[in-house]
Amino acid sequence: MTLVRWNTWREIDTLQRQINSLFQDTRVPSVLLDRDLSKVPAAEIQETENAIHLKLELPGMEAKDLDVQVTENAVYVSGERKSETKTEEKGVTRSEFHYGKFQRVIPLSARVENTNVTADYKDGILNLTLPKTEQEKNKVVKINLEQPAT
């Protein structure tokens, strides 16, 4: 039986080369890899004392193609980005845009007055101002500072 010394660096180098070859292999189009992943709009949430401000990124969408519904606990956004078909006689068109239907449900950290929501949609950014209910605004929680008995 021959004793072979294990070289950690050789193993790491081999692993790194294998990972690099995965990312350099362009035989599988990215469209096939992304087919089952739903494309949802990116969201940004900011909470203040009186309201929750929700910003959604929806580039290339028109307001008429969006469906926004607000409950006391969540915001539901859905829509469809339709593809623009162009026919060219010469050349190849490659597109990395994502077309089709999408939906996203964003749970809210506080109850809101869904009848008083204001919305602004400009340059592909949807801004929602969701005012909190009076119970949420005045919510006070008493903290017990007593030491546990030992």
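Scroll up to find the structure this text is about.
It should be emphasised that the depicted structure is a prediction, and the values quoted were computed from it without experimental measurement. (Residues numbered from 1 in each chain as written. Predicted model: local features only at pLDDT ≥ 70, side-chain atom pairs only at ≥ 80, totals over all residues. Heavy atoms only, no water.)

1. Observations concerning the pattern of salt bridges
Item 1. Across all of its chains, the model carries six salt bridges by this definition.
Item 2. Lys55 serves as the salt-bridge partner of Glu44, at 3.9 Å between the closest nitrogen and oxygen. Taken together, the residues span a long stretch of sequence, with Glu44 in strand β1 (residues 43-47) and Lys55 in strand β2 (residues 51-57) at a distance of 11 residues.
Item 3. As a salt-bridge pair, Arg111 and Glu72 come within 2.2 Å of each other at their nearest N and O atoms. One end of the pair, Arg111, is in the loop between β5 (100-107) and β6 (118-122); the other, Glu72, is in the loop between β3 (66-70) and β4 (74-81), with 39 residues separating them in the sequence.
Item 4. Residue Arg111 is classed as partly exposed on the basis of its relative accessible area, which comes to 38%. (Salt bridge = Lys/Arg side-chain N within 4 Å of Asp/Glu carboxyl O. Helix = DSSP H or I, 4+ residues; strand = E, 2+ residues; numbered from the N terminus. Buried < 20%, exposed > 50% of the residue type's maximum accessible area, 1.4 Å probe, protein only.)

2. Description of the environment of Tyr76
Item 1. Residue placement: Tyr76 occurs in strand β4.
Item 2. A relative accessible area of 26% places Tyr76 in the partly exposed class.
Item 3. With 29 residues separating them along the chain, Tyr76 and Val105 place their C-alpha atoms 4.5 Å apart.
Item 4. Excluding residues that lie within four positions of it along the chain, Tyr76 makes contacts with Asp67, Val68, Gln69, Gln103, Arg104 and Val105.
Item 5. Polar side-chain contacts of Tyr76 include one of 3.3 Å to the side chain of Gln103. (Contact = heavy atoms within 4.5 Å. Polar contact = N/O pair within 3.5 Å; in protein donor to acceptor, adjacent residues only side chain to side chain.)

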